[in-house]
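Coordinates in review
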Amino acid sequence: MNRRKFILASSLLAAAGLGVWSWPRRWRYIVIHHSGGASGDLALLQRVHRERQPNDPIHAIPYHYVIGNGHGLAMGEVASDWRQEYDLWGGHLTLHNLTRNFLGIGVCLIGDFEKRDVPESQYQALVRLTRALMTRYDIPAANVSGHGMTPGESTQCPGSRFPMARFQRDIA
Ligand SMILES: [Zn+2]
């Protein structure tokens, strides 16, 4: 299905099921990921997404926002594509988690935080973006999680060196 047909079909479904007005305001969760690679940009994430999820009808990265680390995207640069632009659901969690794929904003930091610490500027960009989204959609801190600590998911993402305790304090 091409992009135009897909948007038309999903808009009609959304209008019928959820009401066109509530759809862009439905976000209830934020889920943090890392890319698992040392460098990356939208094009790379898109290629990986196509390899891993060839049947996703949405030809866009599986996350809503990406935060760069200076390799591919600028350090702390926030990038997004039409999945975010049209408030489409994410493809960043397993099928156990349809709720958070539909109602959760996926944020991916470029980097592998099993191997390296999160650069401070990239971390600060994540805190700013997360706080802004929490305010915009009235999302409580309890609904912000790392991928691996999300119920139903078993992964180390966003990496054992991601400063989760500090992050939770910073967004509280
Ligand atoms: Zn993840």
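These remarks concern the structure in this document. Residue indices follow the written sequence of each chain, beginning from 1 at its first position. Per-residue local features are limited, in this predicted model, to residues with pLDDT of at least 70; the limit for side-chain atom pairs, both in listing and counting, is 80 or more; totals at the level of whole chains, interfaces and linings are taken over all residues. To obtain the side-chain values, all non-hydrogen atoms of the structure were used and water was disregarded.

**Here we look at the coordination of the zinc ion**
Sites may look incomplete, because water is not among the atoms used; the donor set itself consists of N, O and S atoms within 2.8 Å of the metal (3.2 Å for Na, K and Ca). Within the first shell, the zinc ion binds the protein through H33 (ND1), H147 (ND1) and C157 (SG), at distances of 2.0 to 2.3 Å. All donors to the zinc ion come from one chain, and their sequence spacing reads H-x113-H-x9-C. Separated by 10 residues along the polypeptide, H147 in the loop between strand 5 (144-146) and helix 6 (164-171) and C157 in the loop between strand 5 and helix 6 bring together distant segments of the chain. Note on exposure labels: buried denotes an accessible area under 20% of the residue type's maximum, exposed denotes more than 50%, and partly exposed covers the range between, all computed with a 1.4 Å probe on protein chains only. Judged by its relative accessible area of 11%, H147 falls in the buried class. A run of H or I in DSSP becomes a helix once it reaches four residues, and a run of E becomes a strand once it reaches two; helices and strands are each numbered from the N terminus.

**Section: the pattern of salt bridges**
One speaks of a salt bridge when a side-chain nitrogen belonging to Lys or Arg is within 4 Å of a carboxyl oxygen belonging to Asp or Glu. Scanning the entire structure with this criterion turns up 5 salt bridges. The salt bridge partner of D170 is R166, with a shortest N-O separation of 3.6 Å. Here D170 pairs with R166, and both are found in helix 6, just 4 residues apart, close to one helical turn. We classify D170 as partly exposed; its relative accessible area is 25%. Where salt bridges share partners, they join E120, R166 and D170 into one cluster.

**Some remarks on helix 2 (residues 42-52)**
If you check which residues of helix 2 are buried, you get L45, Q46 and H49. Seen end-on, helix 2 carries its buried residues on one side only, within an arc spanning 105°. In helix 2, the exposed positions angled more than 90 degrees off the buried face are occupied by R47 and E51. For the purposes of these results, a polar contact is taken to be a pair of N or O atoms within 3.5 Å, where, inside protein, one atom must be able to donate a hydrogen and its partner to accept one; residues adjacent in sequence count only when each atom of the pair is a side-chain atom. With a side-chain oxygen lying 3.3 Å from the backbone nitrogen of A43, the N-terminal cap of helix 2 falls on D41. The directions from the helix axis to the C-beta atoms form the arc being described.

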